[in-house]
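Secondary and tertiary structure notes
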Amino acid sequence: MTKDRFWFLFKQVLVVLALVFFLRGFILIPIQVSGNSMKNLLHQGDTVVMEKISKIKRFDVIVFTRPDGSTLVKRVIGLPGDKVAVKEDQLYINNKVVSESFLAKEKEKDDSLLPYTADFSLVDLTGEEKLGEDMYFVMGDNRRMSKDSRSFGPISASEIMGKARFVYYPLKNFKWIS
């Protein structure tokens, strides 16, 4: 191998390593799932890739940190300024019925007489009628077993690390998250 060829390959490897480091550190970040609050979409031990660039929308699956340092993965239900409530297992946003199609299969399979999501309103939980200007209401898909905004309250935008985009490990669980 000539000296010029060696330096050319060396520079290419450096560029690729810098790109991988940048993507891994700032854009596509792996996070391991702990717990069963997102059961059926995500499982204990799954590793998801999170990205920090996109705007947060309703029903996005996000990764966020709590003041105690814990990192959680939940689904965004309420956006800043929203009124949030569940009555008779039906989600209401700003007093309008909103379908949660991602729960349809689980509700169908459920043979319990209990509602999948217990009744609540934002006023009952927080004393506030609407979410604050940088506040989000999050819930796990496994509604009966999820520690979420119903127990710890809305989260602030500053707590959100990013959106979960896909499961990449273990390979048998690989899937895009929607």
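Heads up: these notes are all about the structure in this document. (Residues numbered from 1 in each chain as written. Predicted model: local features only at pLDDT ≥ 70, side-chain atom pairs only at ≥ 80, totals over all residues. Heavy atoms only, no water.)

**Details of the pairing of strand β4 (residues 71-78)**
With respect to burial, β4 is a largely interior element, seven of its eight residues being buried. In terms of strand pairing, strand β3 (residues 61-65) meets β4 through five bridges, oriented antiparallel. By the bridge assignment for β4, Val63 is matched with Val73. Between β3 and β4, which pair antiparallel and follow one another directly, the connecting turn spans five residues, one of which, Gly69, has a positive phi of 95°. (Buried < 20%, exposed > 50% of the residue type's maximum accessible area, 1.4 Å probe, protein only. Helix = DSSP H or I, 4+ residues; strand = E, 2+ residues; numbered from the N terminus. Pairing = 2+ DSSP bridges.)

**With respect to the sheet that holds strand β5 (residues 84-87)**
Pairing in this open sheet of four strands is antiparallel, and the strands run β7-β6-β5-β8 from one edge to the other. Two strands lie at the open edges of the sheet, namely β7 (96-98) and β8 (120-121), each paired on one side alone. As judged from the four bridges shared by β5 and strand β6 (residues 90-93), these two strands associate in the antiparallel manner. Along β6, the bridge assignment pairs Ala85 with Tyr92.

**A few points about the packing of aromatic side chains**
Two aromatic rings are characterised by how far apart their centres lie and by the angle between their planes. Inspection of every chain in the model, using the stated rule, returns six aromatic pairs. With a centroid separation of 5.4 Å and 15° between ring planes, the pair formed by Phe120 and Phe137 is classed as stacked. Of this pair, Phe120 sits in strand β8 while Phe137 sits in strand β9 (residues 135-139); the two residues are 17 residues apart in sequence, bridging distant segments of the chain. The burial state of Phe120 is the same as that of Phe137; both residues are buried. Put simply, the rings of Phe166, Phe174 and Trp176 touch in pairs and so form one group of aromatic residues. Over the ring of Phe152 we find Arg66; its NZ or CZ atom is 4.1 Å from the centre of that ring. (Phe/Tyr/Trp six-rings, centres within 6.5 Å; stacked < 30°, edge-to-face > 60°. Lys NZ or Arg CZ within 6 Å of the ring centre and 35° of its normal.)

**A word on unusual backbone geometry**
Residue Pro170 is reached from Tyr169 by a cis peptide bond, and omega for that bond is -5°. The topology assignment puts Pro170 in the loop between β11 (160-169) and β12 (175-176). Here the phi dihedral of Asn40 falls at roughly 85°; this positive angle occurs in a residue that is not glycine. Looking at the element boundaries, Asn40 is found in the loop between β1 (28-32) and β2 (47-51).

**A closer look at the nonpolar core**
Note that soluble globular proteins tend to have their nonpolar side chains buried in a common cluster. Residues Leu42, Val48, Val61 and Ile177 are the most contacted members of the largest nonpolar core, which totals 13 residues. If near-sequence neighbours (up to four positions away) are discounted, Ile177 is found in contact with Leu41, Leu42, Val48, Val61, Ala164, Arg165, Phe166 and Val167. (Core = buried A, V, L, I, M, F, W, Y, C linked by side-chain atoms within 4.5 Å. Contact = heavy atoms within 4.5 Å.)

**Description of the side chain of Thr47**
By the secondary structure assignment, Thr47 is in strand β2. Those residues in contact with Thr47 that sit more than four places away from it in its chain are Pro30, Ile31, Gln32, Phe166, Val167, Tyr168 and Tyr169.

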